[in-house]
Amino acid sequence: MLLHHLLIRVHRILGTLLSILFVVWFLTGMVMMYHSYPKLTLQQRMSHAETISEHVDMPADTTTRLSPLALPVSHPTAVAFERIAGRNVCMVSTANGETLIDVGSGQPIERLTDDELLQIAARWTTAAPTLLDTLNEIDVWLIGAMPFGEFPIYHYALNDGHQSELYLSSHTGRALQFTDSESRFWAWMGAIPHWIYITQLRSTGRQPWTDTVLWLSGAGIVMIVAGIILGIRAMLIARRRGRTGTLTPYAKPLFRWHHLGGLFFGLFVLTWIFSGFMSLADAPQALWPIHRQQSAKDIYAAELHPERFTLDVCKVLASGNVKRLELTEMGDTPYYHVWTANKDYLVDATQQLPQHTVLTAERCSKIVESVVPPESQVTATILYSYDNYYVSLHQRLPLPVCRVDVDDADGSTYYIDPHNGNCRYYNHNKRAGKWMYTGLHALNTRYFASRPLLRQLILWPLLIGGAFVSITGMLMGCRLITRKIRKKKTT
């Protein structure tokens, strides 16, 4: 009996406090089936970037300066060539940070001028952009970019008839975010309240926000479990009292509807809030231990070796409309990762002439073999359709992809795009986490990715049912608060 009263208090108190948040989560979840938070991809940025030039405003030793051997820094971890505001630049990362270098002069660029940034913004619109603000802290549209090393950030209105806005880093000219009136509207209706994107929680980093969401969803799980137990107990009481044809002992309509809604949708509400919790938590290692820390980054060299890139960069630039050229090494082989306005591809940097390189299954296997223990067995397979881990509900992940399975204690699997070398990594722990997050939360599986209509037909009733339970709980909480206030006034 004591446990019963404790469960009632826990469910009532937490339900009153969290019911509004639950209503928001379920209603915005419906929106997020179709619209998410605006996110600017590198390929989108490349579509508005300048083409890297071999000769414009360059000295006679342009070829030498564009060579990785001419880099004015040592031990680079990342190198990329672009053209920004009319001049070729090289972005070099080391263990100490990122440096932007003017290729023509070989001198570092501390910060771009206002005119240069305006010139970059102008490439995103046919109208004249207007500077709205110079930001030294994030706003709601920069939360996803986490641009803490990019301040001050220039915020432009593009005046293109769609109320488009652009955010640029003053240090590199990199586009950090792009929004228009439609994407902002749907973000306010969906992702921002759903993810609790409050700038004050993200102003100093990710951790305060992560802790807040975990505590709120964790408390919600406790509340739901208590409610399910109480709901089943109430149903059994109704059956024992001989109320045939009914599942609830409650006479008041609001109580009856909340109880019945909980009986039918309580398990879904529990799994949905739990999977939301798992979006920010790792699968417990007590159940799925990690024997060796590995990630997708392992297949890329931690430090570049410029002397291995013997293919002349200018030959690559002459072969197409190159917007970005990035150096990468996989399995001791250097590659140029090249972006044009609408695609990206690899070029073997050891060849005499630039050619698009497509990684074979054998090559992907050797790349993975170079980063796993020598006793591990490696098997490579080319996938022409999604599996349950390399999967996209909106068909955004490219196919074919090379899946490389490693016979190690972690059950490691690397998914490598043969055309650009992009990689995803899974082990037993990450696979469990995938099922507990996107598998439960969005039905993000191979089966439903190929049956989008069926997925929607399942999710819509479940989300409506979850919203119904939450709304009735919210109304009951409001009545409880009203009774408490009235009681306090009369005493």
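For the structure, check the block above.
Residues numbered from 1 in each chain as written. Predicted model: local features only at pLDDT ≥ 70, side-chain atom pairs only at ≥ 80, totals over all residues. Heavy atoms only, no water.

Novice: Help me understand the overall build of the chain, please; the structure alone is not making it clear to me.
Specialist: Counting its regular elements, the chain contains 14 helices and 15 strands. Across its three principal directions, the C-alpha atoms of the chain cover 95 × 60 × 40 Å. The 491 residues of the chain split such that 48% are buried. As displayed, the chain has an accessible area near 25000 Å², and 58% of this comes from carbon and sulfur atoms. If you average the places of the 45 positive and of the 39 negative side-chain charges in the chain, the two averages end up 23 Å apart. (Helix = DSSP H or I, 4+ residues; strand = E, 2+ residues; numbered from the N terminus. Buried < 20%, exposed > 50% of the residue type's maximum accessible area, 1.4 Å probe, protein only. Areas by Shrake-Rupley, 256 points an atom, 1.4 Å probe, with all protein chains shown as cover. Lys, Arg positive; Asp, Glu negative; His and termini not counted. Charge placed at Lys NZ, Arg CZ, Asp CG, Glu CD.)

Novice: What exactly am I supposed to notice about unusual backbone geometry here?
Specialist: For residues other than glycine, phi is negative in most cases, and the peptide bonds are mostly trans. Across the junction of Phe151 and Pro152, the peptide omega takes the value -5°, indicating a cis bond. Structurally, the position occupied by Pro152 is in the loop between β4 (130-135) and β5 (153-157). The residue after Leu399, namely Pro400, is reached through a cis peptide bond having omega 0°. Located in the positive-phi region is Gln395, a residue other than glycine, with phi close to 60°. With a phi close to 55°, Leu443 is a non-glycine residue in the positive phi region. Among the secondary structure elements, Leu443 is positioned in the loop between α12 (428-442) and α13 (446-449).

Novice: Looking at this structure, how should I read the side chain of Asp387?
Specialist: Within the element layout of this structure, Asp387 appears in the loop between β12 (378-383) and β13 (401-406). A distance of 2.9 Å separates the side chain of Asp387 from the backbone nitrogen of Tyr389, its partner in a polar contact. Excluding anything up to four places from it in sequence, Asp387 contacts Arg403, Tyr415 and Arg446. (Polar contact = N/O pair within 3.5 Å; in protein donor to acceptor, adjacent residues only side chain to side chain. Contact = heavy atoms within 4.5 Å.)

Novice: In this structure, what is going on with the sheet that holds strand β1 (residues 78-84)? I would like to understand it.
Specialist: One key point about sheets: their strands pair by backbone hydrogen bonds, in either a parallel or an antiparallel sense. Spatially, the seven strands line up as an open sheet ordered β3-β2-β1-β8-β9-β10-β11, and their pairing is antiparallel. Single-partner strands in this sheet number two, and they are β3 (97-102) and β11 (356-357). The pairing of β1 with strand β2 (residues 87-94) spans seven bridges and is antiparallel. Bridge pairing in β2 links Phe81 to Cys90. (Pairing = 2+ DSSP bridges.)

Novice: Explanation requested: the nonpolar core in the structure shown.
Specialist: As a rule of thumb, soluble globular proteins bury nonpolar side chains together. Judged by nonpolar contacts, the single largest core of 41 residues is most densely connected at Phe22, Phe26 and Ile273. Elements with a contribution of two residues or more to this core: α1 (2-32), α6 (191-194), α8 (207-240), α9 (253-278) and α14 (452-490). Apart from the residues lying within four places of it in its own chain, the contact partners of Phe22 are Gly220, Met223, Ile224, Val269, Ile273 and Ser470. Within the second largest apolar cluster, 22 residues are counted, among which are Val79, Phe309, Val316 and Val322. (Core = buried A, V, L, I, M, F, W, Y, C linked by side-chain atoms within 4.5 Å.)

Novice: Looking at this model, I keep getting lost on the packing of α1 against α9. Mind explaining?
Specialist: A pair of packed helices is captured by two measures, namely the crossing angle of their axes and the spacing between those axes. Contact geometry for α1 and α9: axes closest at 13 Å, N-to-C directions at 70°. As summarised for this structure, α1 and α9 are arranged roughly perpendicular, according to the angle between their axes. Of the residues in α9, those touching α1 at His11, Phe22, Trp25, Phe26 and Gly29 are His258, Phe268, Val269, Trp272 and Ile273. Of the residues belonging to the contact of α1 with α9, the class tally is seven nonpolar, three polar and no charged. (Axes fitted to C-alpha atoms, helices over the stretch in contact; angles between N-to-C directions. Parallel < 35°, antiparallel > 145°, perpendicular 65-115°, else oblique. Nonpolar A, V, L, I, M, F, W, Y, C, P; charged D, E, K, R; others polar.)

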